[in-house]
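# Coordinate analysis (summary)
Residues per chain are reported as follows:
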Number of protein chains: 2
Amino acid sequence: MNSIDTQTLDPKLDLTFERIVDTPRELVWKAWTQPQHLKPWFCPLPWRTIDCEIDLRPGGIFRTVMLSPEGKEFPGTGCYLEVVEYERLVWTNALLPGFRPAMMQVDASVDFLFTATIQLAAHGAGTRYTATVRHGDEAACRQHTNMGFYEGWGIALDQLVAYARTM
Amino acid sequence: MNSIDTQTLDPKLDLTFERIVDTPRELVWKAWTQPQHLKPWFCPLPWRTIDCEIDLRPGGIFRTVMLSPEGKEFPGTGCYLEVVEYERLVWTNALLPGFRPAMMQVDASVDFLFTATIQLAAHGAGTRYTATVRHGDEAACRQHTNMGFYEGWGIALDQLVAYARTM
C-alpha cells in the first residue's frame, strides 16, 4: 500500500519545486495540517486566508477561504488522498469530501483541477521540502503557471518558515 | 487515518445496494483485485471484459476494457483511493493513476464521473456486500441509473458468485 512515487511526473502537465528550509519537518507538517497554524502563512500577503477546515484523513475535507485585498472571498474545497505524518500530504480539488467527484467550482480560488503533494524529508535540523501539482491537461498546467504557481507557493513557503519561528 | 464512512451518502447523488452472498469475502476480494479473476464476471454477458490492469494501492491504476456484443471496445481508466484488504475497495474515474485529475474520457465505457466503493463484511460463511457509487451532480446519478446501475451491478455480482464457486 505504498504511496505513488514521483515517476508519474509529466513535465508538460506538472509543476514542482524543491527547497531546503531550516524549519524542522514536524513544524512544517503542523503548519500544513492545523487550521490555526495554516491560516497565518497560506497565501501570499496582502491576500489572507480567513477560514480553513481540515479533516486529516483520506477522503477528509480540506477547505480554505482566501480574501483578496479588494475584499472578495475565494473559497476552495477538496479532500485529502494521502496522509503520512511528517512525510507526505496529498490532496485534490477534483474530489470533494467523501471522495465525491467535484463539479467545477464557480467563484473558487482556482477554476481548474489539480492534485497537490507536499513531500517532506529531514535535512539536518531542517527539511527538504518538495511541492508538486499535477494537472489533467496542458491548459490547466499553463493556467497554474500563469497565475504564479512558483512565485505564489514560494512566497507562501517563506511565510511558513517565518511563521514557524513564532510557533 | 480511518476511511470515510457512509454518513456522506446523498440520496440525490448516490446509488447503493447491499446483498448477502454465500461467497467468502476473501474470494470476493480476490475476484475484485486480480485481473484474471475479475475478467470472467465483471460485466454482464453478453458483454465481456477483455483486458484489466490493477495496481492495488492508493493512486494505482484500475483499468478495464469492455467489449460490446457488436465488437466495440469501451476502455475505462481510474485509480484506487482506498485499499483495505478483505474490507473495502474505493476507486474513481475522476483521477487517473498517480492521482492526476482526469479529463472526460472520449469513448470510455461511461462518460460521467463517479467514485465507487465495495464494502465487505463477514456474514456467517458468506459476505455482506455493499456497493456504492457517488456522483458529482444529479445528472450523472440519473445517467448511471438509466444505464442500468442496479441491474448491471446486480448481474455482475451474480456472475461473481457463480465464478467464485470455480475458483
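Above this text sits the structure in question.
So, here is what we can say about the structure in this document. Given the structure is predicted, the values throughout are model-derived calculations rather than measurements. Within any chain, residue numbers begin from 1 and follow the written order of that chain's sequence. A letter from A marks each chain and a number from 1 marks each ligand, given out in the order of writing. The predicted nature of this model means local features are confined to residues of pLDDT at least 70 and side-chain atom pairs, given and counted, to a pLDDT of 80 or more, with totals for whole chains, interfaces and linings taken over all residues. Side-chain metrics in this entry use all non-hydrogen atoms of the structure; hydrogen atoms and water are not considered.

### Some words on the overall build of chain A
Helix numbers and strand numbers start at the N terminus; a helix is a DSSP run of H or I with at least 4 residues, a strand a run of E with at least 2. Counting its secondary structure elements, chain A contains four helices and nine strands. Walking chain A from its N terminus toward its C terminus, one meets helices and strands in the order β-α-α-β-β-β-β-β-β-β-β-α-α. Radius of gyration means the value over C-alpha atoms here, while the globule rule gives 2.2 Å times the residue count to the 0.38 power. Compactness check: chain A gives a C-alpha radius of gyration of 15 Å against a globular reference of 15 Å for 167 residues, within 12% of the reference. Dimensions along the principal axes, computed over C-alpha positions, put chain A at roughly 40 × 40 × 30 Å. When each of the 167 residues of chain A is scored for burial, the buried share is 51%. By sequence separation, contacts in chain A at least 24 residues apart represent 52% of the contacts at least 6 residues apart. If you sum the accessible surface of chain A, you get close to 7,700 Å²; carbon and sulfur atoms cover 52% of it. Positive and negative charge centroids in chain A, built from 15 and 20 side chains respectively, lie 3 Å apart. Burial status follows relative accessibility: with a 1.4 Å probe on protein chains alone, a residue under 20% of its type maximum counts as buried, one over 50% as exposed, and anything between as partly exposed. Note on definitions: a residue-residue contact is assigned when non-hydrogen atoms from the two residues lie within 4.5 Å. The Shrake-Rupley method, run with a 1.4 Å probe sphere, supplies the accessible areas, and residue values consider only the shown protein chains as cover. For the purpose of counting charges, residues Lys and Arg are taken to be positive, whereas Asp and Glu are taken to be negative. His and the chain ends are not included. Where a charge lies is defined by one atom per residue type, namely NZ (Lys), CZ (Arg), CG (Asp) and CD (Glu).

### A few points about the pairing of strand β3 (residues 61-67) of chain B
All names here are of chain B. Counting buried residues in β3 gives six out of seven residues, a clear majority hidden from the surface. Two strands pair if DSSP finds at least two bridges between them. Here strand β2 (residues 48-54) runs beside β3; their pairing, made up of six bridges, is antiparallel. Across the sheet, residue Arg48 finds its bridge partner in β3, namely Leu67. Taking the residues that link successive antiparallel strands as the turn, the β3-strand β4 (residues 73-84) hairpin has five residues, and the phi of Gly71 there is positive, at about 95 degrees.

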